[in-house]
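An overview of the molecular structure
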Amino acid sequence: MFSTLLAAVLAATAMPAQAFGQTATVAQMQAEPNQVQDVTVVQGDGYATLAWTHVDGATDYQIERTPIAEDGTATGAAVIVGVWRPNRQINNDKPTFADAGFAPGNRFQWRVRARLGTTAQPYSAPVSGATKAHWGDLNTPGQNLRTQWEDTLGAQYTSDVNEYAYTAAIDQLSERVRVVEIGRTINNRPINMFVIGYPTPPATPEAVAATNPLLVNCNVHGNEPGDREACFIMARQLAFTDDAATLDRLSKTTMLIVPTINGDGRAANSRGNSTGQDLNRDYSLIRQPETQAFVEMVRDYRPIASYDGHEYGNTNTGDLPMLSPRHQNVAQGIFDESQNMIEGHMYTQGAKDGWWACPYGCTGASVGLGEETILRNTLGLKNTVNSLLELRSSGGPTRPDEGNTANNRRRKTYSALWTFTQFFAYHSANASNITTARAEAIKFQSANTGRIVFRGSRPIPAHPAPHPGDTPPPLDAPGQDQILNQPPCAYKLTEAQYNGARTDGPAGRQTTVAQRLAAHGWKVIKVADGYLVPLSQPERGLVPLLLDGQAAEGLVDGERIAPTLTGTHNGPLTVSGVACLAGATVRGPIRVKPGATLIVNGSSINGPVDASGAAGFVLTDSTVHGPVNATGVRGPVVLVGNKTNGPVNVVNNTGDAPLVAGNTVNGPLSCTGNTNAPVNIEVANTVSGPKSSQCARL
Amino acid sequence: MTDPLTRAATSAPRRARRRATPVAGAALALLIAVAGCTGADGTGSAATDTATPVAVTVTGPLCDVLPAGDEPGNPTSLAGQPADQALQWIPVLTTFEAAVRATGLATELNGTEGVTILAPTDDAFAAKFSRTNLDELLLHDTDELRGLLRDHVVTGSLPVAELAAAGTVTTLAGTSLTVTGGDGGARVADRADTVCADYRTANARIHVINQVLGSLPTTAGDEGDDHHS
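So, a few notes on the structure that sits alongside this text. (Residues numbered from 1 in each chain as written. Chains lettered and ligands numbered in written order. Predicted model: local features only at pLDDT ≥ 70, side-chain atom pairs only at ≥ 80, totals over all residues. Heavy atoms only, no water.)

**Structural notes on the sheet that holds strand 29 (residues 604-606) of chain A**
All names here are of chain A. Applied cut-off: By this definition, two strands are paired if DSSP reports at least two bridges between them. Starting at the N terminus, helices and strands are each numbered in turn, a helix being any DSSP run of H or I of at least four residues and a strand any DSSP run of E of at least two.
Pairing within the open sheet is parallel, and its 7 strands lie in the order 23-26-29-32-35-38-40. Each edge of the open sheet carries a strand with a single partner, namely strand 23 (568-570) and strand 40 (686-687). Here strand 35 (residues 643-645) pairs with strand 38 (residues 664-666) via 3 bridges, running parallel. Paired with asparagine 645 across the bridge in strand 38 is asparagine 666.

**Observations regarding the pairing of strand 12 (residues 255-258) of chain A**
All names here are of chain A. The test is simple: Relative accessible area decides the class of each residue, using a 1.4 Å probe on protein chains only: under 20% of the type maximum gives buried, over 50% gives exposed, and in between gives partly exposed.
Burial along strand 12 is two-sided: the face carrying Met255 and Ile257 and the face carrying Leu256 and Val258 are both buried. Taken together, the 3 bridges between strand 10 (residues 190-196) and strand 12 define a ladder with antiparallel strand orientation. Within strand 12, the residue paired with valine 195 across the bridge is leucine 256. As paired strands, strand 11 (residues 214-217) and strand 12 are joined by 4 bridges and run parallel to one another. Along strand 12, the bridge assignment pairs asparagine 217 with valine 258.

**Describing the packing of aromatic side chains**
Residue and element names in this part refer to chain A. As a reminder, the rule being used: Stacked, tilted and edge-to-face pairs are distinguished by plane angle, under 30 degrees for stacked and over 60 for edge-to-face with tilted covering the rest, among Phe, Tyr and Trp rings (Trp via its six-membered ring) whose centres lie within 6.5 Å. For a lysine, the NZ atom is tested; for an arginine, the CZ atom; a charge sits over a ring if that atom is within 6 Å of the ring centre and within 35 degrees of the ring normal.
Tallying each qualifying case throughout the model produces 13 aromatic pairs over all chains. A centroid spacing of 5.9 Å and a plane angle of 55° characterise the contact between phenylalanine 108 and tryptophan 110, whose relative ring orientation is tilted. In this structure, phenylalanine 108 and tryptophan 110 share a single accessibility class: buried. Members of the aromatic cluster, each reached through a chain of ring pairs, are Trp52, Tyr61 and Trp84. Positioned above the aromatic ring of phenylalanine 424, the side-chain terminus of arginine 249 is 6.0 Å from the ring centre.

**A look at the pairing of strand 5 (residues 96-100) of chain A**
All names here are of chain A. Of all 5 residues in strand 5, 5 are buried; the element is thus mostly enclosed. Along strand 5, one buried face is formed by Thr96, Ala98 and Ala100 and the opposite face, lined by Phe97 and Asp99, is buried too. Across 5 bridges, strand 2 (residues 47-53) lies against strand 5 in antiparallel orientation. Pairing of threonine 49 across the sheet is with alanine 98, part of strand 5.

**Examining the nonpolar core**
The cut-off we apply is this: Buried residues of nine kinds, namely Ala, Val, Leu, Ile, Met, Phe, Trp, Tyr and Cys, make up a nonpolar core once their side-chain atoms join them within 4.5 Å. Note on definitions: a residue-residue contact is assigned when non-hydrogen atoms from the two residues lie within 4.5 Å.
Membership of the largest hydrophobic core comes to 81 residues, with the highest contact counts inside it found for A:Met255, A:Leu517 and A:Leu547. Among all residues touching A:Leu517, those that are not within four sequence positions of it are A:Leu493, A:Tyr498, A:Trp522, A:Val524, A:Val533, A:Leu547 and A:Leu555. If you look at the next biggest cluster of nonpolar residues, it comprises 42 residues, including B:Leu109, B:Val115, B:Val195 and B:Val208.

Okay, here's the thing in structure tokens:
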């Protein structure tokens, strides 16, 4: 009697959703062999996470979705929407799968079945639920905004006109948001940035930088718009959410979102900008106004972590290919923390929520190499923990191949939204690790130690299969001709090189080397016969990639200036012209004559250092027993990562803001009368004596 | 020295708000979601306003994953629209649609005579052209691109059945296309199949096809890494 009833009930479950609530209970009590058990569904924004109990010996699992009405009856065909495979996640004993692609708000029933080899086993009992509607209460101002993409259910991407209206509406309705125009495209489209903080964002770029901000660059390739749509939704969420945890995060940092750096390419549906330049091959060279605006923004807002959004055309890959800054000139700590962001945070959270993050390529494709022109690497060389993000391909091993349809667009955009939301969570949970890595990187780079690699990547180690990281991108080690073992002290540029007109860049919009180095924020010392760019500064790893004749994609062939003193000097040292001390020992005072330049890396000086009236004064990674005077210097003053026994005076300097960062000063630090107040770019100094006036907060 | 970013950072918010002020009301009206949510069109275009009462039926294997029923961009909602506007609602045609805008072909498509548009999918374009080649066509070689598009447009608004029955049709470019029928669709130039046919617009039929026609050389795969972002 009972078995007859059970058979009838199980037959019913094979058809979609007939009184499934009751049948689920019965089916769970009387499992068939290898039938998936304990299926649960949790709704996220634009996706639904299915989880179930692992079946011993399962090769993979198929996930089936059926649209249903309120009463549970099927309103459409059951479709296999996913295949779970062991390399999708790090912990195979707790399989999860993020189903996505559906229109938000619709109601579905899901079932899961294991396969042994290719033999399908019985389906699980069904679970059902209503998916989340588009984020935001329709009766709450601000929350009820929607983008064109949302309103059309993904049939259309958000146009430039709709973007500006949506952006202006958020700006107007939320005190948490300030929209800043960071530049214009060649065709004069605004490049906007959401600056988001709680209760209000800090007022100036310098004040934002002090909050250790995080950045999402949403859409550099105009024909890869999926991340951009996620950014619009995230901006609305951050602007109008009541979620206490999010508001707490926003009270401690600032979120920067650049939705559309390439508005001209987006409008034309082209990869490049209006000239056809691939902007993601231009972040170091900054020939284009779009990339120049972005790099200037990075200089001024100083994000400590970043994501760069793309879409991937490869059909044989995971949901979310990611990659850290691999260029070998990127400081080890920045690479390591970027890897931790991906492998530590994203792989772990992906396993919980059912998204498959993996190294870019995921299949060993020859992608994700060491070009410093790519934002991923450029930002790494600027000491920003960051990753590339690719949105899943049209087809793939675990998702249906639905081309550029609304289903697939929604999968891409909501997986990007998940990633950026997780990125924010990662940043909040790891801010001290990130800032520590950044401070160490700035000190390391400023020390100008170690070889220079013109092109070449750090290896991404493979995890034993099955694992999301079992197939990393190629090794991409530098060849011998791409390595310079003895770094120069500086590069010297002629007047023509520095200020001369250039032919690269769009017609009528070409910029000089001087303008580009200023956009990067680099220190340049005017000397009698040209311009010196010292390597001992925070973006040291990028300097030779633009200024050395051996560079793969250089800007100009600067003259390598070798150190002038690397050994021991006994007695007083008087500097005229340009002196560069690298790994030197000076037993005696150093006096820089007015108009002369002194650059010191990794040296030990037993005596006072007086750079009064110098053209430029750079002191990094050194020990000074005696007072240090940077007074009346006309050009750059850079004091990074030093140990000094004695007072440090930064007084009456007339150049750009003196950089005083990461020093240990056994004595007072006095700063007065500088035209631009000294900065530490969030790398604190340890000062035993008083910190006065302009240096009070350094 | 001027610092454009600092200037922008301090003045832009006010500028942004100024920009917002005159449009705020309209912007909000357009942006606020409509309960029920169908046809709340951010561009305010005619998708729902001019929907004709006659239901349009499209045919082909790809139709299942294109807007249907009362979803924005459903075939019936496009029936009253100019062809270039209707193209904006068919998600798999973003490349073709961008190419129409890049070349200014809309005037020819919207002419009173009526046309049949054989529109290749985004996947078809990706299989035909390298990304560099496609950017060159969209941004620089628009004359060449216009020629390519005209290879995909036939004079007269032909339902797919009539297209298949015609056997041979002539494109705006003057080239002849052989057409054969089968499975409720058509095969064009012995290489492209209709995958969702019989979209109707104000004066055109749009048949979505799965291959690029014309005589331009295939460049997809020429670059070592054609999918690199």
